[in-house]
Amino acid sequence: MTATSALTSVNPEARGARESRPTGFRPALARGILRLPVYLLLAVASVFSVLPFLWMVIASTHSTPELFGTPLPVLPGDQLWENLARLQESVNFSQVMLNSLGIAVVYTVFSAVVSVMAGYGLATYRFRGRGVLLGVVLVTMMIPMQVLLVPLFQMMASAGWIDSYQAVILPFLANAFGIFLMRQSFLDFPATLIEAARIDGAGELRTFYRIVLPVARPQLAALVIYTFISQWNAFIWPLLMLNTEDRYTVPVALNTMIGMSRVDYSGLMLGSLLATLPLMLLFLVFQKQFVSGLMGGAVKG
């Protein structure tokens, strides 16, 4: 009898602990060791991705001369309130934030309605030319924005909408990406449920809003987040349409802080930080719906 067998025969608890050790412990440890370089690489990439935002936070609390001084500031300074007051005085930042918020909310609501209803129609109804219509919608995604600027500007000018919010919102309500995403989410919905609702006397709108739409909530949430962020960050079209400073959006107002001979970098950093915070909060609150919505729309159909 060996020493180990003698020990286990005398102490049954030691034998039970030895027998209860999981059999997959060593393979799991080996996989963890093999994945360690990947984890380290992801950690380094995460640090580098956070550095620009961290520098924006630090720079917004210093004056512009301090940002170009030696040594480079690596800790927050004491100029935050001075920079905020100068930002408000130079571009009326509180007003442009409200402008951007109003435009983004209105655009998101109406664009989501158009995308949901168009996607539902392309996925559910059978009519001649449906495939051609879907192809035309997808082709519009390939047209560069620069090609549309001149004809759209002429259309807005002929309508007398220059320097108005409807000129910023209306031309892009029909979002090809949103229509395609919602169509993909409706493709796998059982047609028998829709037919049953119609037999029971439910109208088309009631069937859509009470039966079909709740199933597409993750994709709808992803569409709302994507649409809001894209409109919040829009720059070229609002720059062409809006001429009055009190009507500017955040990107357009921040662009006016870049002068020919002098740039207020600290104020620009603070404005960029304040403009980024609502988007970060929106994504952090709805990140689960955003990811699940995009993945669900990508694998269906």
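Residues numbered from 1 in each chain as written. Predicted model: local features only at pLDDT ≥ 70, side-chain atom pairs only at ≥ 80, totals over all residues. Heavy atoms only, no water.

## Some details on the nonpolar core
- Membership of the largest hydrophobic core comes to 33 residues, with the highest contact counts inside it found for F93, W232, W237 and V250.
- A per-element tally of this core places helix 6 (residues 93-124) first, with six residues.
- Among all residues touching V250, those that are not within four sequence positions of it are F93, V96, M97, S100, W232 and A275. (Core = buried A, V, L, I, M, F, W, Y, C linked by side-chain atoms within 4.5 Å. Buried < 20%, exposed > 50% of the residue type's maximum accessible area, 1.4 Å probe, protein only. Helix = DSSP H or I, 4+ residues; strand = E, 2+ residues; numbered from the N terminus. Contact = heavy atoms within 4.5 Å.)

## Remarks on the side chain of S266
- Mapped onto the elements of the fold, S266 is located in helix 16 (residues 265-299).
- In this structure the side chain of S266 is engaged in a polar contact, spanning 3.2 Å, whose partner is the side chain of T64.
- There is a polar contact of 2.9 Å between the side chain of S266 and the side chain of R86.
- Apart from the residues lying within four places of it in its own chain, the contact partners of S266 are A59, S60, H62, S63, T64, L67, N83 and R86. (Polar contact = N/O pair within 3.5 Å; in protein donor to acceptor, adjacent residues only side chain to side chain.)

## Observations regarding the packing of aromatic side chains
- The full count for this structure, using the stated rule, is nine aromatic pairs.
- With a centroid separation of 5.9 Å and 85 degrees between ring planes, the pair formed by Y120 and Y125 is classed as edge-to-face.
- By relative accessible area, which is 31% here, Y125 ends up partly exposed.
- Judged by centre distance (5.7 Å) and plane angle (85 degrees), the rings of F172 and W237 are edge-to-face. Within this pair, whereas F172 is found in the loop between helix 9 (165-169) and helix 10 (176-186), its partner W237 is found in helix 14 (residues 236-241), the two being separated by 65 residues in sequence.
- For W237, a relative accessible area of 4% corresponds to the buried category.
- Pairwise contacts between aromatic rings join Y120, Y125, F186, F208 and Y209 into one cluster. (Phe/Tyr/Trp six-rings, centres within 6.5 Å; stacked < 30°, edge-to-face > 60°.)

## Examining the layout of surface pockets
- There is about 740 Å³ of room inside the largest pocket.
- Around the largest pocket sit 25 residues that line it, and Y107, M145, F172, A174 and N175 are the ones nearest its centre.
- Elements with a minimum of two residues in the lining of the largest pocket: helix 7 (130-139), helix 8 (145-159), helix 10, helix 13 (217-232) and helix 14.
- Roughly 190 Å³ of volume is contained in the second largest pocket.
- What lines the second largest pocket is a set of 14 residues, among which A123, T124, R126, A191 and I194 lie closest to the centre.
- Broken down by secondary-structure element, the contributors of at least two residues to the lining of the second largest pocket are helix 6 and helix 11 (191-199).
- For the lining of the second largest pocket, the element with the most residues is helix 11, which contributes four residues.
- Tallied by class, residues from the lining of the second largest pocket come to ten nonpolar, one polar and three charged. (1 Å grid on protein atoms, 1.4 Å probe; cavity = no way out; pocket = protein on both sides within 12 Å on 5 of 7 lines; lining within 4 Å. Points joined across faces, edges and corners; volume = space filled by probe spheres on them. Nonpolar A, V, L, I, M, F, W, Y, C, P; charged D, E, K, R; others polar.)

## Quick look at the packing of helix 11 against helix 12 (residues 204-212)
- Contact geometry for helix 11 and helix 12: axes closest at 10 Å, N-to-C directions at 130 degrees. Judged on the interaxial angle alone, helix 12 and helix 11 are oblique. In the crossing of helix 11 with helix 12, the sense of the turn from one axis to the other is right-handed. Contact residues: helix 11 offers I194, A197 and R198, while helix 12 offers E204, T207, I211 and V212.
- Across the contact of helix 11 with helix 12, the residue classes break down as four nonpolar, one polar and two charged. (Axes fitted to C-alpha atoms, helices over the stretch in contact; angles between N-to-C directions. Parallel < 35°, antiparallel > 145°, perpendicular 65-115°, else oblique. Left-handed = near helix turned anticlockwise from the far one by under 90°.)

## Comments concerning unusual backbone geometry
- With an omega of 5 degrees, the peptide bond between T70 and P71 qualifies as cis.
- Relative to the helices and strands, P71 resides in the loop between helix 4 (64-67) and helix 5 (80-91).
- Here the phi dihedral of N92 falls at roughly 50 degrees; this positive angle occurs in a residue that is not glycine.
- Relative to the helices and strands, N92 resides in the loop between helix 5 and helix 6.
- We classify N92 as partly exposed; its relative accessible area is 27%.
- Here D163, not a glycine, exhibits a phi torsion of approximately 65 degrees, which is positive.
- Here D163 is to be found in the loop between helix 8 and helix 9.
- On the basis of relative accessible area, D163 is assigned to the buried category, the value being 17%.

## Remarks on the confidence of the model for the protein chain
- Chain-level statistics for the protein chain give a pLDDT mean of 82 and a share of 86% at 70 or above.
- At the level of individual helices and strands, the protein chain shows its lowest average pLDDT in helix 1 (residues 3-10), which scores 46, and its highest in helix 9, which scores 93.
- Predicted confidence is poor over residues 1-10, with pLDDT under 50, and the contacts of this stretch with residues over four places away or in other chains come to four contacts.
- The model gives residues 297-301 a pLDDT under 50, and that stretch makes ten contacts with residues more than four places away or in other chains. (pLDDT = per-residue confidence, 0-100.)

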